[in-house]
Amino acid sequence: PSFEFRLKSLTAVMSPSTVAIFVGPILTVDAAVSRAIHTAAKPFLPPFLLLLLEISADFRFSFPVSLSLLLSPPLRAFLVPFLLGLLFDLIFVGIVKLIFRRARPAYNHPSMSAAVPADHYSFPSGHASRVFFVAASVHFFSAVVEAPMVSPSYTFLDGWVRDHNDGDVKGEVVVAVWIWATLTAISRILLGRHYVLDVAAGACLGILEALFALRFLRFDEKIFGR
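The protein chain goes by Phosphatidic acid phosphatase type 2/haloperoxidase domain-containing protein in an unreviewed UniProt entry, where it is assigned to Capsella rubella.

Put into structure tokens, the structure is as follows:
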């Protein structure tokens, strides 16, 4: 069943005013705004740049890259909850997509390759949830690191992400990850992969997942081996 069909099903069990008055107009405006943004930006943005951002956030790429944390012993405490969070995001977003089954925009760039059936649906954006999960995780992770690092555990990977003096995650790294996440999320609209509402929902979901990981996967203990 399509997203519209499920919307009609909800109307049958809920107050008609709840769905017809609020949800319908929101989806209409969402589609119109998304198409306007896509159309306005299309002449100015080379597709290959947007596709590079897409690939950088693809689970088939980001998950193996995350394993690079194994190269830094102090970062390994972050690895397990981080990877579990990525897996949770993949599964949860897939379930939500299959529940709502909102079709992707008709003007979606033809280069898209669906890895699983759920990828054919639009709401919420899995790329947006994933990149904001990563950005929020790095942000929260850096916020709870306070003790000085142990120098023997310092590796070349640490040199890229950690301050040489106190061992904290560099502020520039946190900012760079947030910028990457934001640009990647926006690129989903510019490529025609998603509507604005899909991306906004995905971004909020990713941040909530990072908070969940921080609270229940114990990001705040044994970080950096301290």
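So that's the structure; there's more coming.
Student: Explanation requested: the UniProt feature "transmembrane region" (unreviewed entry) in the protein chain in the structure shown.
Tutor: Mapped onto this numbering, the UniProt entry annotates "transmembrane region" (unreviewed entry) at residues 12-32, 44-63, 75-100, 173-191 and 197-217. Regarding residues 173-191, the helix share stands at 95% and the strand share at 0%, and the terminal C-alpha atoms are separated by 26 Å. Secondary structure across residues 197-217 comprises 95% helix and 0% strand; the distance between its end C-alpha atoms is 29 Å.

Student: Looking at this structure, I do not really get the pattern of salt bridges. What am I missing?
Tutor: It is possible for side chains of opposite charge to pair when their charged atoms get near one another. Under the criterion given, the structure shown has 4 salt bridges. Put simply, Asp30 and Arg102 hold a salt bridge, and the shortest N to O gap is 2.9 Å. Note that Asp30 is positioned in helix H2 (residues 16-41) and Arg102 in the loop between helix H5 (76-100) and helix H6 (126-143), a separation of 72 residues in sequence. Across the pair, Arg102 and Asp30 agree in class, each one buried. Note that Arg102 is salt-bridged to Asp198, the shortest N-O span being 3.0 Å. With Arg102 in the loop between H5 and H6 and Asp198 in helix H9 (residues 196-216), this residue pair connects regions lying 96 residues apart in the sequence. According to the relative accessible area criterion, Asp198 is buried, its value standing at 0%.

Rules behind the numbers
- Residues numbered from 1 in each chain as written.
- Predicted model: local features only at pLDDT ≥ 70, side-chain atom pairs only at ≥ 80, totals over all residues.
- Heavy atoms only, no water.
- UniProt positions renumbered as here; feature names shortened; annotations may be inferred.
- Helix = DSSP H or I, 4+ residues; strand = E, 2+ residues; numbered from the N terminus.
- Salt bridge = Lys/Arg side-chain N within 4 Å of Asp/Glu carboxyl O.
- Buried < 20%, exposed > 50% of the residue type's maximum accessible area, 1.4 Å probe, protein only.

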